[in-house]
Amino acid sequence: MDWLQLLVFPAIRALILIFVLLTGFAYLTWYERKLLARFQVRYGPNRAGKFGLLQPAADAVKAFFKEEIIPNHVDKPVYLLAPALALVPALIIWAVIPIAKGTPAIADVNIGFLWILAVAGIESYGIILAGWSSNNNYSLLGALRSSAQMVSYELPLGLFLVSILMLAGSFSLVDLVEGSRQWWEWIWLWLAFPFFFICILAETNRSPFDLPETENELVAGFQTEYGGMKFALFFIAEYVNMISTSAIMATLFFGGWKGPFAEQYIWLGPVYLLIKVLILLFLFIWVRASIGRPRYDQLMKFCWQFMLPLGLVYVSISAVLAVFLK
Amino acid sequence: MQLPLGIEVPIPTFEQFVFIQVALLTAVAGLAVVISRNLFHSALALTLTFFGVAGVYVFLEAEFLAVSQVLVYVGAIAMLIAFAIMLTRSMMYGRTSPLNNQWGKSSLFAFLFFIGLLAFARATPWPAAGEEVVADEALIGALGREFVTTYVIAFEVLGLLLLLALVGAVMLARDR
Amino acid sequence: MASDYLPLLILILLAAGFGVIAIGLPTLLGPRERNNQKLEPYESGIIPFSDARRRFPVKYYLVAMLFLIFDIEVIFLYPWAAVLRDLRLFALVAMIPFFIVLVVGFLYEWKKGALDWD
């Protein structure tokens, strides 16, 4: 029986992926703190190890040895389930992203695009469960805000994905990267990138759209009643989401693993993908350091009265382009 | 495989084994929906049931349907149900009894319905059973093709139906 | 094939496994010093005076309903988008009425003020 092929190899691959993403998360916190420090003319972490490079390890050890507190008033099973539920989608969305020529991270299923959409659709569950089970005013309001914001921005996101799919004509992300695009396609695609990026910022609850966790009005939103490792899991989920969505954007808009000589030397593929992801992550942090938070009504209005109509227009023009120019 | 009472059970293949797990998960979650005393927990169990059904679709090689199931039922409808529970104060307060005075009738109807379904399933010949299904991207493409050719009228009417739903939603939530 | 999806299932299970371990492990490793103040809900330092499981504004519900409807419409676009390049003008024309109905509905709720968050 080929259970080795069927179970063990995919399992090893999945473990490597999870390990890489968690390490990526740890160093993303370092990257962000260093960059934010630079933006604000500070040093950032510099005590643990050279350039503070051991800081993430120290933070991880701290999180594991924190006291576990389960407050009296919470709904215990849901309260414990929520952090794990927040993390899982962030990790599994990677499965269909190609990391080298003909190589998806886990599996090249026929529904690459839809996988991304479906996993993005269940991402808000961790947050809404956390908010409900915590039985805290701040948590509930934060969770409600968050889930309403996430579902709203999912619509323009879906419309942009449909447009990209229309021009590519394939549900597989592997084919998307390997297929060729004409010059006008690239330009049309890049026109959508800033808006796609805005949607992603809202989907990942990143600054300036981090209204669910505004510290000055909602304390930490849905995370208020969480501490120690359970809080860390929400934190990991947010940062892994940043990495995952950066990789998705790199794949959709910037050719994913492609780069000079990546066809000949397979190992160059992941390197190029990493470079592109790092640049996009820089963008996330740059935005955080530069732009202030809007009000919640402005955020929702912006989605429904600007992004969604824009998405509809973009879909219709893409359809016409796909029919007459492809 | 020989069970103690002399019952012969075929050893399931790996795929069947996974299917049994998924089906069990769906059934147990469905049971939890009706017996849970906390309405919010019921809603969560319902979400799990939806996931199980999506899993069954994957076994039927209907990937697009599986994804739609997750997107619409898990991502939107279950969310709507959770929101609806939170809107209703009396239900937010924990424990309600899963039984009311209609439990006898409803369980009778559920049982009869189950018998009916079972009879129906046994009477259907299932011509495609055991055959390889052309599961491909082509299948989703074929679906799109049918939308704009064979079922084009139904497709446009569906757009109207969604429009009606939209108007209804606005009417319900905004009384201006 | 359904077995194409097995690696995805394995990934989901392993990711969930990590979550369970990460939640469970600190209960063994961490210190245990409990008192009642620690276990109370956080309310900016004052004693909590209301249960949080309260009702909330209906506008959140409206957002969820509108999302559901538009989500379905977007899902119907996917199979169509996949064949657009093969069927070309025919598929484009067939989509126009559906799309117009979608836009009309959108404009209606905009005019009705359902998109204003007040």
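Student: Outline the interface of chain C and chain B, supporting the account with residue identities and numerical values.
Tutor: Contact with chain C, which involves 42 residues of that partner, is made by 43 residues of chain B. Top element by residues in the side of chain C that touches chain B is helix α2 (residues 58-87) of chain C. It accounts for 19 residues.

Student: Can you lay out the packing of helix α8 (residues 183-203) of chain A against helix α10 (residues 228-253) of chain A for me, pointing to particular residues and giving the numbers?
Tutor: Two measures define how a pair of helices packs: the angle their axes make with one another and the distance between the axes. All names here are of chain A. One can describe the packing of α8 onto α10 by two numbers: an axis separation of 11 Å at closest approach and a directional angle of 165°. With respect to each other, α8 and α10 are oriented roughly antiparallel. Of the two elements, α8 crosses α10, and the hand of that crossing is right-handed. Two secondary-structure elements touch here, α8 through Leu189, Trp190, Phe193, Phe196, Phe197 and Ile200 and α10 through Thr245, Met249 and Phe253.

Student: Hey, could you go over the interface of chain C and chain A for me, with residue numbers and the actual values?
Tutor: If you look at the interface, chain C gives 56 residues, while chain A gives 63 residues. Broken down by secondary-structure element, the contributors of at least two residues to the side of chain C that touches chain A are α1 (6-29), α2 and α3 (89-112) of chain C. With 18 residues, α1 of chain C is the single largest residue contributor to the side of chain C that touches chain A. Partitioning the side of chain C that touches chain A into residue classes produces 41 nonpolar, 3 polar and 12 charged.

Student: Which residues make up unusual backbone geometry, and what are the values?
Tutor: Residues and elements named next belong to chain A. A positive phi is found at valine 41, a non-glycine position, where the angle reads about 55°. Tracing the backbone shows valine 41 in the loop between α1 (3-39) and α2 (55-64). The class of valine 41 is exposed, set by 6 C-beta atoms lying within 10 Å. Positive phi is not limited to glycine here, since asparagine 205 has a value of about 55°. By secondary structure assignment, the location of asparagine 205 is in the loop between α8 and α9 (215-218).

Student: I'd like a description of the domain arrangement of chain A, backed by residues and values.
Tutor: Residues and elements named next belong to chain A. Domain boundaries assigned for chain A yield domain 1 (14-65) and domain 2 (66-325). Once you take the C-alpha centre of each, domain 1 and domain 2 turn out to be 21 Å apart. With 17 residues of domain 1 at the interface, the matching set in domain 2 holds 17 residues. Elements supplying a minimum of two residues to the side of domain 1 that touches domain 2: α1 and α2. No other element matches the 13 residues that α1 contributes to the side of domain 1 that touches domain 2. Taken together, the residues that form the side of domain 1 that touches domain 2 break down as 13 nonpolar, 2 polar and 2 charged.

Rules used throughout
- Residues numbered from 1 in each chain as written.
- Chains lettered and ligands numbered in written order.
- Predicted model: local features only at pLDDT ≥ 70, side-chain atom pairs only at ≥ 80, totals over all residues.
- Contact = placed C-beta atoms within 7 Å.
- Helix = DSSP H or I, 4+ residues; strand = E, 2+ residues; numbered from the N terminus.
- Axes fitted to C-alpha atoms, helices over the stretch in contact; angles between N-to-C directions.
- Parallel < 35°, antiparallel > 145°, perpendicular 65-115°, else oblique.
- Left-handed = near helix turned anticlockwise from the far one by under 90°.
- Nonpolar A, V, L, I, M, F, W, Y, C, P; charged D, E, K, R; others polar.
- Buried ≥ 20, exposed ≤ 12 C-beta atoms within 10 Å, placed from the backbone.
- Domains from an automatic or database assignment.

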